[in-house]
Each structure stands twice: as structure tokens, then as C-alpha cells.
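# Descriptive structure summary
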Amino acid sequence: MPPATPAERRPRTLPRARRWAAVAVAALLAGACDGVSGATLRPAPAPPAVVAPPPAPPAGGPPATSPTAPAPAPPSPPAPAAPPIGDWSEPVLGPDGAVDPAAYEAVAAAYDRPATVDARLGPSADDYGAAADAPTLPQRGEGGLEGDRDAYDDRTWTDWFAMSGPLAYSPDTDGDAGLARARNGSVYCSGAAPGWLLDHRVQTEPDQGNHYSRERDPALDSASWAAASGGAAPRLPVAMGQARAGGSIYSVVAFRDGMVGITGNGNDPNTKYGRYPASRVPEGDVPTAVAVTPGGEFALVTTWDTRRHVGEVAVFALEGAVHATGDADPEDGFRFGFPSSTTVRDLKLLGAVDLPFAAPTDIEATADTIFRSSRGETDNVGLDLGRQGERDVWYGHSGSIWKRTARAGYAVVSSRAEDAVAFVDLQPLLSYYRDMHFTTQDRHQQTQEVGPAPDQWPFTFAHAPEQAPLVAATLHVEAPTAVAAGYARPPGSNDWRSPEVWDDGVFAGSAYVATLAGQFLRFDVGGLATEEEAGVPAQVDAVDVGRNPTSIEYTTDFAVGNDLVVTSRGDRAVVQLEDDLTRVGTLRDSRLVDPVGVALSRNRRFCGGATYLSALDHRGAQVVNYTVRDRGDYGFGHALAIPGRPFLALMAEVI
């Protein structure tokens, strides 16, 4: 494949009367053609149109429609569609290789149906013909338990730690909503030798050691989710997202009907108070993927606009409890667009940004300021941003790590069907929020007038268009299947919850793209990750990870924080890589029928613990837990049969 070549980059537009000059295409081509393989030039799109959110509908009335914006300039003429891989072919493409409008609308209308979910995941090993034989990994422990079994049986443990979160699957029965709360294992400390018990089991039912798992996520039955879904409980999630690096214990879940809601992990403030806020993407849009900025400030939802046949990124501001507030649910500690890890009280659609392609399929986001879990920290108790001195500390990053907000960042978005990857500059949005919250008393006061109207805080893009993110660059990449965005080392991350995270300068400045053919590409994102002038991302490395890599997972709560874990559906394998693409492990196990993704976590208490890789076995209808003792040292822990086909799972600390 030819080397990476950028499209023309639009200059940033920043709220502080600061504009970067446009970058000449010729100069960019000269500096960005040194990649290994995978990406080529795509003509620059027209300036992305900004779509305002629909106005709040009258009580009991139907949602208003969003305004129509011009479509972006068409890409270069498509090639004929690629031949099918077994029984699979790209579902939205016509014979000429272009997106077919009728197929586009049909796939969007059925985006949550089991057959469509399977097609969205791309070809399986069966479609390719066969995968190499896999060994049967030995089981660690007995029946999913390892260590002091008496402490578990007698309920005499003295301390514990667990991870839990939402699990999405295509259900076998019509009455099943396809969203559970699953825990992926626990550690219990005891006084008897060896002093610990490791529970390697994946569970969706409560038992004597956990009360937070549920076969049906309670958010599904909340009045707020039902109201946002038109009066009935939503069914069949299509996408989920969670802050990657900040220890967030809440998740954002999207449904085909356009509802976007917040759920917890079972022992969190959202669950404790029965608070499950929800909103909607613009009318006529179907969500396809979700990303949350590392501090939990914003949720980014890719959508297919079925009326205009344009892809979008819908941007929601999250009203979270400000980091390090001590109390998990302070009445005066909630603010829109601030870092938050424990709970979200509300979310508001700011607007949507047009993409230079019609069918986005994956998104990830990052920023230059992230945090570890704020549990137990008290820096911001009684926070008073009405004082200029306090605002100056936050604006200047001059106080503790808890008194900071992100200054720059980006999102990477892919369209598998259209061979395209776009980089969306988030600095206009992040800078605008910093200016509003921290610069003048007048601006700060405007942030206190919170409400649903476009001119109430947080302001929509229609009211304050200067904050809207910008499509910075678009690259041609053959059939991109998954994307990832690196981040800088979290300050103070090396506590007992998070392992040592090296800061080699590679991960923070890199974005990653996997392709259907099995290539795993690393891009240097340059100034997109900082406040410096943003250049165009340039491909700098590539490695093979196996056919149809369907997901890229990474978190500070894994064995090594900067490692990436890539699931190859076509080869029934899971590959672990360092941030520079050095392979450090490959998980293959005869138990895995059809792996399509993983959830990662490090379940550890003072007496010990385990690191888990929970594999989502789609056609195998199970979640299979593996322990990771070191890079490449995998052991089978437990498998849970699912009443359907799992495809997404998120994990966070149970507090």
C-alpha cells in the first residue's frame, strides 16, 4: 500500500483572537510521505458544516427537526466494490464501490438488529475460510476461584475490590433489551493464608460477593431514558463509550432511535440516586459510535444523517461532579465541561459537525490533560470560581493536578466503507470552555445561567459557533476498522489502582488505525495533541495484527498502561502491542469461537489482585475471562454464557 499522505488541513479557529495560518498542501506532502504503508491522499473536504441541535420540543410534543446544512464536497470517484469475503461484503456499498443511498438508509434503520451488528463487525474467521489451530490455555484456580475459598464461602473477607460496567449484546429473545451490568472479577482480602481470594468469574447476577451486577441494566427502566426514547424503555444499544484514562465509573450508551444516556457500574452515585440523564442526537440521525474525552468533559457520538446522507459528530457537554470534591454527590459540585470521574447529573447536545464522509463507524478522543480516579481527594470541596484568584489558578494550570482542565485535543474518526479517516480538532471547544469558565467575571456569570435553551449555558453551536470542533485533516486509509488516540501520562497515576505508566513521548503523540487487511498503523499527530500549531497527522509505522481487527483497547488500568490490545476477528486472536507497535503477546485459545473485542482492567487491593482481559466471543455467545500475569502470559479464568451475542463491554472500579 502507498505511504500516508495528508489532505489539506483547515486552520484552527480559536476564541482568543488567535488563528493558525493555513498550511500549504505542497509543503505538507513533502513532510508526510515517509510513512510505511496504508494511507493515501484524499482531496480536502469543503469546510465542515455545523448543524445546530434541534430546539427543545414543547412538553409532550414531538422533537423538532434540525436544520439542513450543505453536504461536504464529494470525495474522489470510488473504485468498484471489493469482492465478498466469504458470506460478508460491505453492507452500504453499491456495485460501483460508492455508498448506495438505499442501502445506507436500510442499514441505519436496522443498525441494532443482530444480523446488522454481525455485519458491522466485519468478516469472521469462518468467512475467511479458517483460522490457525489454537491451544487450550490452562485454567487458573478451580471453577473460577483461586486462593482462600473459605473466606468467600463463609463471607469472612475483610476488604475487596471489583470492576464492573455495561455489557451490550444482541439478544436471543425479543423481550431482552441487550444491556446488562457485568463484573469481570474480584479480589477479596482475608486473614487466613494465602490472605486473598481471586474470583476470576464474569457475572451478570448478584451473589454473596457482589450486589452490583444485573442481568438488566437498571438505567433501562428509568423514567429519563424512557422519556428520551419516546415514552418506552429503550432496547438494543448500538454503541458505548467511557473516558479512557481518568478512572471514570460512568458510561455513555447510544441507541438506534437516537437516545444517548448515562449509566453507572452498579455501586456508583448515578445508581445510588437513580439518576440516569439522557438526551438525543439531532433528529434523523442514527448513532454508530461513542467516545468520551479523557476527563469526562464531553461525549462525542458519530451518526449517520439518514436525510442528508452525511456523517456527523454530535457533541454533548456532560455536567459532572468536579474532580476531587470529596463527597461523591455534592449538590454544588456539578459543572458542564469539567473533568469528572464519579457521576454525571445532566448532558446537553451542543450541536453536530459534518464529516467528509457519510458512514462513520468508529471514533476515539483524547486531550492534553487527564487524571486518575479522584476518589478520596478533597481539593475542590467548596470550590468558588466566583473569585478571580481561583479562576486564575485553573486557567494557568498553576495549582494542584485537580485544578486543571484540558487545553487541546482531537478525535479520530473512521469510515470503513469509504476508506477514510478524519481528525477532528477539539481545541476550539476546549479553549472556549476555559475562556468562559476562567477569564472574566462576566463570562463566569454566564456559565451560572444553566438551561436547555440555545442561549443558556452550556451554549449550543448555533448560539456560539466559534466553539465548534473543526475537521482538521482527512486521510485515505483502506477499510479502517478501528481507531485509537494516545494520551500523556496521568499526573500522580502510580498509586495502587494504576500501574507504572512510562512516558516515552510515543503514546501521547500517536493515533492508531487498524485496517480490514490486518494492518495496524501508527500516526504522529503533531500539534493536534498540544496547544502548538497543528500539522497534518503523518503515518510513521505499521505492523500486521491479523485479519479484520475489530477493536483497539487501552487503559491506565491494565498490566502496562500504554499497551494496546487489538482483537483480530478474522484470525480468532488477541494481540498485545507496545505503543511503538512492538508485539509483546498474542492470546489464542481454543475456547474462543469468534472474538470481536475485549475489556481490560487491573483488579487489585492491598493484599493482591489480578489483571483481566475479558474477551467478547460474539458467535460463541460468551464472555471469556483471562488473567494476565505478565506481557504474553495469559491464563484462562472463567467463561460466562450470554443469552445472545456480546459485542461491547466497559469496566470501571466499583466504589
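Residues numbered from 1 in each chain as written. Predicted model: local features only at pLDDT ≥ 70, side-chain atom pairs only at ≥ 80, totals over all residues. Heavy atoms only, no water.

### Looking at the overall build of the protein chain
Secondary structure summary: the protein chain contains 10 helices and 35 strands in total. A buried classification covers 62% of the 655 residues belonging to the protein chain. Sequence-distant contacts, at least 24 apart, represent 68% of the contacts inside the protein chain between residues at least 6 apart. (Helix = DSSP H or I, 4+ residues; strand = E, 2+ residues; numbered from the N terminus. Buried < 20%, exposed > 50% of the residue type's maximum accessible area, 1.4 Å probe, protein only. Contact = heavy atoms within 4.5 Å.)

### Focus on the packing of aromatic side chains
Taken as a whole and assessed by the stated rule, the structure comprises 23 aromatic pairs. Ring centres of Phe-298 and Tyr-433 lie 4.9 Å apart, and the angle between their planes is 85°; on these two criteria the pair is classed as edge-to-face. On the criterion of sequence distance, the pair formed by Phe-298 in strand S14 (residues 298-305) and Tyr-433 in helix H9 (residues 427-438) is long-range, its members being 135 residues apart. Across the pair, exposure class does not vary: Phe-298 and Tyr-433 are buried alike. Ring plane angle 80° and centroid distance 5.0 Å describe the contact between Tyr-487 and Phe-507, whose orientation is recorded as edge-to-face. Separated by 20 residues along the polypeptide, Tyr-487 in the loop between strand S22 (480-485) and strand S23 (510-515) and Phe-507 in the loop between S22 and S23 bring together distant segments of the chain. The residues Tyr-487 and Phe-507 share a single accessibility class, namely buried. Against the face of Tyr-554 rests Arg-244, its NZ or CZ located 4.2 Å from the ring centre. (Phe/Tyr/Trp six-rings, centres within 6.5 Å; stacked < 30°, edge-to-face > 60°. Lys NZ or Arg CZ within 6 Å of the ring centre and 35° of its normal.)

### Description of the sheet that holds strand S31 (residues 608-617)
Overall, antiparallel pairing links the four strands, which are arranged S30-S31-S32-S33 in an open sheet. Taken across any chain shown, the strands that pair with only one partner, and hence form the sheet edges, are strand S30 (595-605) and strand S33 (633-641). For this sheet the average axis-to-axis angle between neighbouring strands, irrespective of direction, equals 25°. One ladder, built from six bridges, connects S31 with strand S32 (residues 622-630); its direction is antiparallel. Directly across from Asp-617, in S32, lies its bridge partner Gln-622. (Pairing = 2+ DSSP bridges. Axes fitted to C-alpha atoms, helices over the stretch in contact; angles between N-to-C directions.)

### Digging into the sheet that holds strand S28 (residues 573-577)
Across the sheet, four strands lie side by side as S26-S27-S28-S29; this open sheet has antiparallel pairing. Among the strands making up the open sheet, the edge pair consists of strand S26 (549-553) and strand S29 (583-587). Shown here is a sheet whose adjacent strand axes are inclined to one another by a mean of 20°, direction ignored. Strand direction decides the pairing type here: S28 and S29, joined by four bridges, are antiparallel. Each bridged residue has a counterpart across the sheet, and for Val-574 the counterpart in S29 is Leu-587.

### Topic: the side chain of Asp-368
Tracing the sequence through the fold places Asp-368 in the loop between strand S18 (362-367) and helix H8 (388-396). In this structure the side chain of Asp-368 is engaged in a polar contact, spanning 3.2 Å, whose partner is the side chain of Thr-369. Not counting chain neighbours up to four residues away, the residues in contact with Asp-368 comprise Ala-406, Arg-407, Ala-408 and Ala-529. (Polar contact = N/O pair within 3.5 Å; in protein donor to acceptor, adjacent residues only side chain to side chain.)

### What to know about the confidence of the model for the protein chain
Looking at the protein chain as a whole, the pLDDT averages 86, with 84% of positions reaching at least 70. The low-confidence segment residues 1-37 (pLDDT under 50) makes 110 contacts with residues lying over four places distant or belonging to another chain. Predicted confidence is poor over residues 40-74, with pLDDT under 50, and the contacts of this stretch with residues over four places away or in other chains come to 82 contacts. (pLDDT = per-residue confidence, 0-100.)

### As for the pattern of salt bridges
For the structure shown, the criterion picks out 31 salt bridges. Of the charged contacts in the structure, one is a salt bridge between Asp-571 and Arg-547, with a shortest N-O distance of 2.7 Å. You can see Asp-571 sitting in the loop between strand S27 (564-568) and S28 and its partner Arg-547 sitting in the loop between strand S25 (538-544) and S26, a full 24 residues away along the chain. Relative accessible area serves as the criterion here: at 26%, Arg-547 is assigned to the partly exposed category. A salt bridge links Asp-594 to Arg-569, with the nearest nitrogen and oxygen atoms 2.8 Å apart. Here Asp-594, found in the loop between S29 and S30, pairs with Arg-569, found in the loop between S27 and S28; they are 25 residues apart in sequence, far enough to count as distant. Here Asp-594 matches Arg-569 in class, with each residue buried. Among the charged side chains, a network of salt bridges with common partners joins Asp-118, Arg-569, Asp-594, Arg-619 and Arg-645. (Salt bridge = Lys/Arg side-chain N within 4 Å of Asp/Glu carboxyl O.)

### Some words on the environment of Thr-325
As for its position among the elements, Thr-325 is in the loop between strand S15 (310-321) and strand S16 (334-336). Look at Thr-325 and you get buried, because its relative accessible area is 11%. Considered as a pair, Thr-325 and Leu-383 are 58 residues apart in the sequence and their alpha carbons are 8.3 Å apart.

### Some words on helix H2 (residues 101-109)
Within H2, the full set of buried residues consists of Ala-103, Tyr-104, Val-107 and Ala-108. Within H2, the buried residues cover an arc of 130° as seen down the axis, which keeps them to one side. Elements in contact with the buried residues of H2: helix H3 (114-120), strand S13 (285-292), S14 and S15. (Arc of directions from axis to C-beta.)

### Describing the pairing of strand S10 (residues 251-255)
Along any regular strand the residues' side chains alternate between the sheet's two faces. The element S10 is largely enclosed, with a buried count of five among its five residues. Neither face of S10 is left uncovered, since the one carrying Ser-251, Val-253 and Phe-255 and the one carrying Val-252 and Ala-254 both have all their residues buried. Bridge analysis of S10 against strand S11 (residues 259-263) gives four bridges, and the strand direction is antiparallel. If you follow Ser-251 over to S11, its bridge partner there is Thr-263. Counting the residues in the hairpin turn of S10 and S11 gives three residues, including Gly-258, whose phi is positive at 105°.

### Describing the packing of H8 against H9
One can describe the packing of H8 onto H9 by two numbers: an axis separation of 9 Å at closest approach and a directional angle of 160°. Judged by the inter-axis angle, H8 sits roughly antiparallel to H9. Considering how the two elements wind past one another, H8 and H9 form a crossing that is left-handed. Residue-level contacts link Gln-388, Arg-391, Trp-394 and Tyr-395 of H8 to Arg-434, Asp-435, His-437 and Phe-438 of H9. Across the contact of H8 with H9, the residue classes break down as three nonpolar, two polar and three charged. (Parallel < 35°, antiparallel > 145°, perpendicular 65-115°, else oblique. Left-handed = near helix turned anticlockwise from the far one by under 90°. Nonpolar A, V, L, I, M, F, W, Y, C, P; charged D, E, K, R; others polar.)

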